[in-house]
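Architecture and fold: a report
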Amino acid sequence: MSPKEETKIDITQEVFKEPIEVIKQLTANVNIEYTKVIQTYVLENRILELILLKNGSSYFKGKVVWIGNRKDDSQGTVFCVDTKTELKKINPTAENTEEIILDSKKETILISTESKAKCSVCGKDIEIFDEVMGCPLCEAKAHKEHILDWIKMKHNCPVCKKSLDISSTGQIIVD
Ligand SMILES: [Zn+2]
Ligand SMILES: [Zn+2]
């Protein structure tokens, strides 16, 4: 491998796992400094760029502000990105992401996105900006707000119809 190729590291599995795994890769390969605030790693120097790609072309970019957990305690990493006009949360999951590459030379995270699943409540694509939750009993995934509203009204899964409830911490639980 040439030195150029060695600067690109596949961090897809780390991102799908948890923020600390991503931070380990970042501190080993990029000159970042961070402060840990509860479950969130706030980047001190805003050098790390995040770019979203669809079919190889970039459609979104900004600087990473913080890297944190999902609010529902499910596995995975959330990136908060500053586009200069707004702060956007990026939620990469197996449903919306093909591959995540850390380019240590360019200090950039490149996320190849692809909608592979539709919301089981509204039927629309699950995109990388969407917060996603799923049924603990079947493979059903949905936009977080949609499945929470559904369970509040119907107390079941929109797909497998088994009884579900929402815990006091906002997680979907088997009733
Ligand atoms: Zn939906
Ligand atoms: Zn289900």
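Computed from a predicted model, the values in this text were never measured in an experiment.

Rules of the game
- Residues numbered from 1 in each chain as written.
- Chains lettered and ligands numbered in written order.
- Predicted model: local features only at pLDDT ≥ 70, side-chain atom pairs only at ≥ 80, totals over all residues.
- Helix = DSSP H or I, 4+ residues; strand = E, 2+ residues; numbered from the N terminus.
- Rg over C-alpha atoms; globule rule 2.2 N^0.38 Å.
- Buried ≥ 20, exposed ≤ 12 C-beta atoms within 10 Å, placed from the backbone.
- Contact = placed C-beta atoms within 7 Å.
- Core = buried A, V, L, I, M, F, W, Y, C linked by C-beta atoms within 7 Å.
- Domains from an automatic or database assignment.
- Nonpolar A, V, L, I, M, F, W, Y, C, P; charged D, E, K, R; others polar.
- Pairing = 2+ DSSP bridges.
- Arc of directions from axis to C-beta.

**As for the overall build of the protein chain**
- Broken down by element type, the protein chain carries four helices and 13 strands.
- For 175 residues, the compact-globule formula gives about 16 Å, and the C-alpha radius of gyration of the protein chain, at 17 Å, lands near that figure.
- For the C-alpha atoms alone, the extent of the protein chain along its principal axes is close to 55 × 35 × 35 Å.
- Relative to its full complement of 175 residues, the protein chain shows a buried share of 26%.
- Here the analysis covers contacts within the protein chain between residues at least 6 apart in sequence; of these, 41% occur between residues at least 24 apart.

**Thoughts on the nonpolar core**
- Grouped together as the largest cluster of nonpolar side chains are 18 residues, with contacts concentrated most on Leu50, Val64, Phe79, Ile109 and Ile111.
- Of all the elements in the fold, those that place two or more residues in this core are α3 (19–29), β4 (49–54), β5 (57–69), β6 (77–82), β8 (97–103) and β9 (108–113).
- Here Ile111 is in contact with Leu50, Leu52, Leu53, Pro92, Thr97, Ile100 and Ile128, once residues within four sequence places are set aside.
- Counting residues in each nonpolar core, the second largest holds 11 residues, with Cys135, Ala142, Cys157 and Leu164 among its members.

**A few points about the environment of Thr40**
- Relative to the helices and strands, Thr40 is located in strand β3 (residues 40–43).
- What makes Thr40 partly exposed here is the crowd of 16 C-beta atoms within 10 Å.
- The spatial distance from the C-alpha of Thr40 to the C-alpha of Gly68 is 4.3 Å, given a sequence separation of 28 residues.

**Things to note about the domain arrangement of the protein chain**
- Here the domain parsing of the protein chain yields domain 1 (3–113) and domain 2 (132–174).
- Taken over C-alpha atoms, the centre of domain 1 sits 28 Å from the centre of domain 2.
- A breakdown of the residues in the side of domain 1 that touches domain 2 according to their chemical character gives no nonpolar, two polar and three charged.

**Description of the pairing of β8**
- As judged from the three bridges shared by strand β1 (residues 8–10) and β8, these two strands associate in the antiparallel manner. Note on β8: the bridge partner recorded for Asp10 is Ile101.
- Examined bridge by bridge, β8 and β9 share six bridges and lie antiparallel to one another. Bridge pairing links Thr97 to Thr113 in β9.
- Hairpin connection from β8 to β9: four residues lie between these consecutive antiparallel strands, with Glu107 at a positive phi of about 50°.

**Comments concerning α3**
- Taken as a whole, α3 has its buried residues at Pro19, Val22 and Leu26. Summarising the axial view, the buried residues of α3 lie within an arc of 60°, below the 170-degree limit, and thus occupy one face. Summarising the geometry of α3, the exposed residues directed more than 90 degrees from the buried face are Lys24 and Ala28.
- Check the buried side of α3 and you find it contacts α2 (12–17), β3, β5 and β6.

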